[in-house]
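A look at the structure
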Amino acid sequence: MADVVTDNDDNFIKNGRSSNDQHTATEGALHQLHYGQEKISYEIIYKDKARKLRIKVYSDQRVVVTVPTQVTEEFTHASVKKRARWIWQSLQDFAKQQG
């Protein structure tokens, strides 16, 4: 499993806050990001105890983003987009190991 933790300094505190109500529709849903010709699917999980945004890439090609409940969906998507190259490379590395 590959793992990245994002703590964008003060941006997290200033721009990442939100109400908990808007997360219920997106919790557990698959989101997609386009990286070149590739589509990267990822799941967002909101946790009360999470202190930082965490991106995990698993060997079965799953990408899971765990975030504190007060973080906005827009901030989460922007953070995933910022790490798209690393996510894509991790997925490629795991695919090579499998095949």
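Keep in mind the model is a prediction, meaning the values are calculated, not measured.

The next subject is the overall build of the protein chain. A count of helices and strands for the protein chain gives three helices and five strands. Ordering the α and β elements of the protein chain from the N terminus gives β-α-β-β-β-β-α-α. Of all 99 residues assigned to the protein chain, the portion counted as buried reaches 38%. Here the analysis covers contacts within the protein chain between residues at least 6 apart in sequence; of these, 56% occur between residues at least 24 apart. Carbon and sulfur atoms make up 44% of the accessible area of the protein chain, which totals about 6300 Å².

Attention now goes to the nonpolar core. Ranked by size, the top nonpolar core spans 18 residues in total, and within it Tyr42, Ile55, Val63, Val65, Val67, Val80 and Ile87 carry the most contacts. When residues of this core are traced back to their parent elements, those giving at least two are β3 (38-47), β4 (53-57), β5 (63-68), α2 (73-82) and α3 (84-98). When sequence neighbours within four positions are dropped, the list of residues in contact with Tyr42 reads Ala29, Leu30, His31, Gln32, Leu33, Val63, Val65, His77 and Val80.

Below, the discussion takes up the packing of aromatic side chains. Considering all chains together, one arrives at one aromatic pair under this definition. For the ring pair Tyr35 and Trp88, a centre distance of 5.7 Å and an interplane angle of 40° mean the geometry is tilted. Residue Tyr35 is located in strand β2 (residues 30-35), and its partner Trp88 is located in helix α3; the two are separated by 53 residues in the primary sequence.

Cut-offs applied
Residues numbered from 1 in each chain as written. Predicted model: local features only at pLDDT ≥ 70, side-chain atom pairs only at ≥ 80, totals over all residues. Heavy atoms only, no water. Helix = DSSP H or I, 4+ residues; strand = E, 2+ residues; numbered from the N terminus. Buried < 20%, exposed > 50% of the residue type's maximum accessible area, 1.4 Å probe, protein only. Contact = heavy atoms within 4.5 Å. Areas by Shrake-Rupley, 256 points an atom, 1.4 Å probe, with all protein chains shown as cover. Core = buried A, V, L, I, M, F, W, Y, C linked by side-chain atoms within 4.5 Å. Phe/Tyr/Trp six-rings, centres within 6.5 Å; stacked < 30°, edge-to-face > 60°.

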